[in-house]
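Breakdown of the fold
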Amino acid sequence: MKGRMWKGVVSLLAVLLVIPAGGVQGTASTAEAPGPKPAGVVPPPSKVREDITITGGKGGGGGGGEPGTWYVGATPPNLDKSKPPIVFVQGLHGHAGNWWEDTVYHGHNDMYDYAYNHGYRTAFVELYDSAGGDAADMWDNGALLARQLSEIRQYFGEKVNIVAHSKGGIDTQAALIHSGAHPHVGRVITLSSPHGGSHLANLAYSWWAGWLAELLGARDAGTESLQTGYMDYFRSVTDSHANVSKNSYHTSAGTSWGPFPSALWTGGAYLAPHGSNDGMVNVWSASLPYGHHLFTESFDHDNIRMGSTAFPRIEPILRSVAVTTADRDVLKEVAVSSVDADSGGSEQVVRGDSLPAGTPVEEKVAVESGVGEAIFNLMTGDPSVEVSLISPSGKVYDHRSTPYYRTGGDAEIFRGAAVQGYRISDPEAGLWKVRLASEKEDAYLLTATWMDSAGIKVDVQASGKSGQDVPVRVNLPRGWKAKPEDVKVRLVPPKARSIHRMKADGFHGKLDPTGKERSSFAGHLPKLTQSGVYNVTVDVQGVNDKGENFQRTVIRSFHLP
């Protein structure tokens, strides 16, 4: 079960026939890409493989595509040579076929069809993630993509434009700006790329996720690099780089959580306290300060990369490789429905642990009055785990109850995890109980989210310098109180991919009150010297201004160079 899970999110797109892969240095293969589903009228891309050696340690351990390989789409009968070729770059744990195969929730991805039928030449790349194992970070994928872009430009004899989905937009920036591939490219269009990181990646590396992560073998370099703290660092070394102006960037975002029930929908519910999102990426994260924001539409993270949704909106940009300067007003649309990464209050409780065989486990979650909807979401390694929910008045919900849902396995960050839970409208105030029972050794991650409740504020003031204290401050809403022993901080160090490492190198502590009201708390993390991204989980329980019990979990991340 160990390599089955959590790694990333989504695969997709186009279809049909073969052309010779001439004009490329090295030995080119004429093998066809997988046939279309369903069959269509567009020839499939031809496989082009350079004689290259890919070193181990990145993206290995699975049965996917071969990193370094790239494909050339069939030449359209209505070829328009005034239109630059398009290179498609997929996201976390994706592969080239994502652009011409079925999507997760919306059937055939017709992006390649749309490009072909509009007279565009196309190419598709296999990065390290294509091997089917661990996802690579933007540095490794970017370096490989830079080499491919050089080869693709030589093949076409001209600059290309890039269309990138999700983390593919981050990998593209690493290739162009940091690996020097910018001369081969004109314009870049990103479809819901998490330029500011993802709170789902923060969750994956949080303290409470450790048991399930170890069971599934789910923590990898690609997911770790998408934490908001690491992306803050990436933005700091990217947005001020001299090469950032060598290409023009065009961004987009979605606001639908996808079908209910689905793993994408549960991701949207988790991200909701952080602002509008498409089930994987918040709107605020999908823009760039120097980019042209093309659209924010009611698309989810799966269908935003489809031709029928995105291509009509991006096609005018694809007609030229000319670099344009962004109008600073173009991001106003993004700001309307956005919340800054960590400025919003959190309305969540997160818990996780091992799940012993034959021994039921119970988690208690306090819900205060006035909550419009409560979502109790469970992820486990095995779908046979039984989950029941008991209200404060003793009402029992099980898999036969109307509020119960079960989804297919998660496709990206919590790849392969079994997902089930309960969606409760106007929940009773008081202590809710979540009971889990499994016949096998397992692990679980519980996230309880409510939409209409006050949140606490957590500030982690990382200086970005090694060896300095990191202040942490927690502020509760007016009239809310907590005991010092009920304000707990847990720190997960960089690259802690096992429970043993997490416990051995991590930190547990508490914060001290800063006033008599017991509504503000402060303290310091120990002096940190290891380079990398740190994950901080803050848990608070106490009494609100109505005398009701409350609980909250807030997860933050930061990077030390």
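Here the structure is a predicted model, which is why all the values come from computation and not from measurement.

For strand 7 (residues 248-254), the tally of buried residues reaches 7 of 7 residues, placing the bulk of the element in the interior. Of the strand pairs in this sheet, strand 6 (residues 185-191) and strand 7 are connected by 5 bridges, and their pairing is parallel. Directly across from R187, in strand 7, lies its bridge partner S248. As defined by bridge partners, strand 7 adjoins strand 8 (residues 292-297) across 5 bridges and the pair is classed as parallel. Considered in strand 8, the bridge of S252 is made with F295.

Averaged over the protein, the pLDDT score is 85; the fraction of residues at 70 or greater is 84%. This stretch, residues 50-63, has a pLDDT under 50; its non-local contacts, to residues over four places away or in other chains, come to 33 contacts. When the criterion is pLDDT under 50, residues 327-345 qualifies, and its contacts beyond four places in sequence or with other chains add up to 41 contacts.

With 43 residues, the main nonpolar core has L200, L203, I413, F414 and L445 as its most contacted residues. Residues L145, I152, I177 and V244 belong to the second largest nonpolar core, which totals 29 residues.

Moving on: the pattern of salt bridges. Applying the stated rule across the entire model yields 17 salt bridges. In this structure, the salt-bridge partner of D539 is R351, at a minimum N-O distance of 3.0 Å. One end of the pair, D539, is in strand 24 (residues 532-543); the other, R351, is in strand 9 (residues 348-355), and 188 residues separate them in sequence. Given a relative accessible area of 6%, D539 falls into the buried group. Ionic pairing is found between K440 and D382, a salt bridge with its closest N-O pair at 3.0 Å.

Turning our eyes to something else, we now look at the sheet that holds strand 21 (residues 507-510). Taken together, 4 strands build an open sheet; the order of strands is 21-20-24-25 and the sheet is antiparallel. Pairing within the sheet leaves two strands with one partner each, and these edge strands are strand 21 and strand 25 (549-560). The average undirected angle you get between the axes of adjacent strands in this sheet is 15°. With 6 bridges connecting them, strand 20 (residues 487-492) and strand 24 associate as antiparallel partners. Looking at strand 24, one finds that V489 is bridged to V538. Across the sheet, helix 7 (residues 228-238) is in contact with strand 24 and strand 25; its angle to strand 25 comes to roughly 35°.

We now examine helix 7. Among all positions of helix 7, only T228, G229, Y230, M231, F234, R235 and T238 are buried. For helix 7, the elements touching its buried residues are helix 2 (138-156), helix 3 (167-178), helix 4 (199-204), helix 6 (221-225), strand 24 and strand 25.

We now examine the packing of aromatic side chains. Applying the stated rule across the entire model yields 25 aromatic pairs. Grouped by ring-pair contacts, the aromatic residues Y71, F88, W99, W100, Y112, Y116 and F124 constitute a single cluster. We note R313 situated over the ring of F295; from NZ or CZ to the ring centre the distance is 5.9 Å. One cation-aromatic arrangement involves R423 over F260; the distance from NZ or CZ to the ring centre is 4.7 Å.

To continue, consider the side chain of D302. Summarising the element assignment, D302 is placed in the loop between strand 8 and helix 9 (307-318). Engagement of the side chain of D302 in a polar contact is seen with the backbone nitrogen of Y105, the distance being 2.6 Å.

With that settled, the discussion passes to the environment of L528. Along the chain, the position of L528 falls in the loop between strand 23 (520-525) and strand 24. Linking L528 and G467, residues 61 residues apart in sequence, is a C-alpha distance of 5.1 Å. The residues touching L528, leaving out its near neighbours within four places in the chain, are S466, G467, Q468, V470, L491, Y534, F558 and L560.

Turning our eyes to something else, we now look at helix 2. With 19 residues, helix 2 extends 25 Å from end C-alpha to end C-alpha; this agrees with the ideal 27 Å at 1.5 Å per step. Those residues of helix 2 lying buried are M138, N141, G142, L144, L145, A146, Q148, L149, E151, I152, Y155 and F156. In this structure D137 caps helix 2, since a side-chain oxygen of it lies 3.0 Å from the backbone nitrogen of W139. With its phi angle positive at about 75°, G157 sits one or two positions after the end of helix 2.

Following both chains from N to C, one finds helix 3 and helix 7 inclined at 30°, their axes separated by 11 Å at the closest point. In terms of orientation, helix 3 lies roughly parallel with respect to helix 7. For the element pair helix 3 and helix 7, the recorded crossing hand is left-handed. In contact with I170, Q173, A174, I177 and H178 of helix 3, helix 7 contributes M231, F234, R235, V237 and T238. Its residues placed into classes, the contact of helix 3 with helix 7 shows 6 nonpolar, 3 polar and 1 charged.

Quick look at the side chain of S130 now. Relative to the helices and strands, S130 resides in the loop between strand 4 (122-125) and helix 2. We classify S130 as buried; its relative accessible area is 2%. Within the structure, S130 has its side chain in polar contact with the side chain of E126 (distance 2.5 Å).

What follows is about unusual backbone geometry. Residues F260 and P261 are joined by a peptide bond in cis, for which omega reads 0°. The residue P261 is located in the loop between strand 7 and helix 8 (263-271) in this model. Phi at S166 takes a positive value of approximately 55°, unusual for a residue other than glycine. Inspection of the secondary structure puts S166 in the loop between strand 5 (160-165) and helix 3. The class of S166 is buried, set by a relative accessible area of 4%. Positive phi outside glycine occurs at K495, with the angle close to 60°. Structurally, K495 is set in the loop between strand 20 and helix 11 (499-505).

Our focus in this paragraph is the sheet that holds strand 12 (residues 386-390). Read across the sheet, 4 strands follow the order 10-16-12-13 without closing on themselves; strand pairing throughout is antiparallel. The outermost strands of the open sheet, each flanked by one partner alone, are strand 10 (361-367) and strand 13 (396-397). Sheet topology note: the strand 12/strand 13 ladder contains 2 bridges and is antiparallel. Each bridged residue has a counterpart across the sheet, and for L389 the counterpart in strand 13 is Y397.

Calculation notes
- Residues numbered from 1 in each chain as written.
- Predicted model: local features only at pLDDT ≥ 70, side-chain atom pairs only at ≥ 80, totals over all residues.
- Heavy atoms only, no water.
- Buried < 20%, exposed > 50% of the residue type's maximum accessible area, 1.4 Å probe, protein only.
- Helix = DSSP H or I, 4+ residues; strand = E, 2+ residues; numbered from the N terminus.
- Pairing = 2+ DSSP bridges.
- pLDDT = per-residue confidence, 0-100.
- Contact = heavy atoms within 4.5 Å.
- Core = buried A, V, L, I, M, F, W, Y, C linked by side-chain atoms within 4.5 Å.
- Salt bridge = Lys/Arg side-chain N within 4 Å of Asp/Glu carboxyl O.
- Axes fitted to C-alpha atoms, helices over the stretch in contact; angles between N-to-C directions.
- Phe/Tyr/Trp six-rings, centres within 6.5 Å; stacked < 30°, edge-to-face > 60°.
- Lys NZ or Arg CZ within 6 Å of the ring centre and 35° of its normal.
- Polar contact = N/O pair within 3.5 Å; in protein donor to acceptor, adjacent residues only side chain to side chain.
- Expected span 1.5 Å × (residues − 1).
- Parallel < 35°, antiparallel > 145°, perpendicular 65-115°, else oblique.
- Left-handed = near helix turned anticlockwise from the far one by under 90°.
- Nonpolar A, V, L, I, M, F, W, Y, C, P; charged D, E, K, R; others polar.

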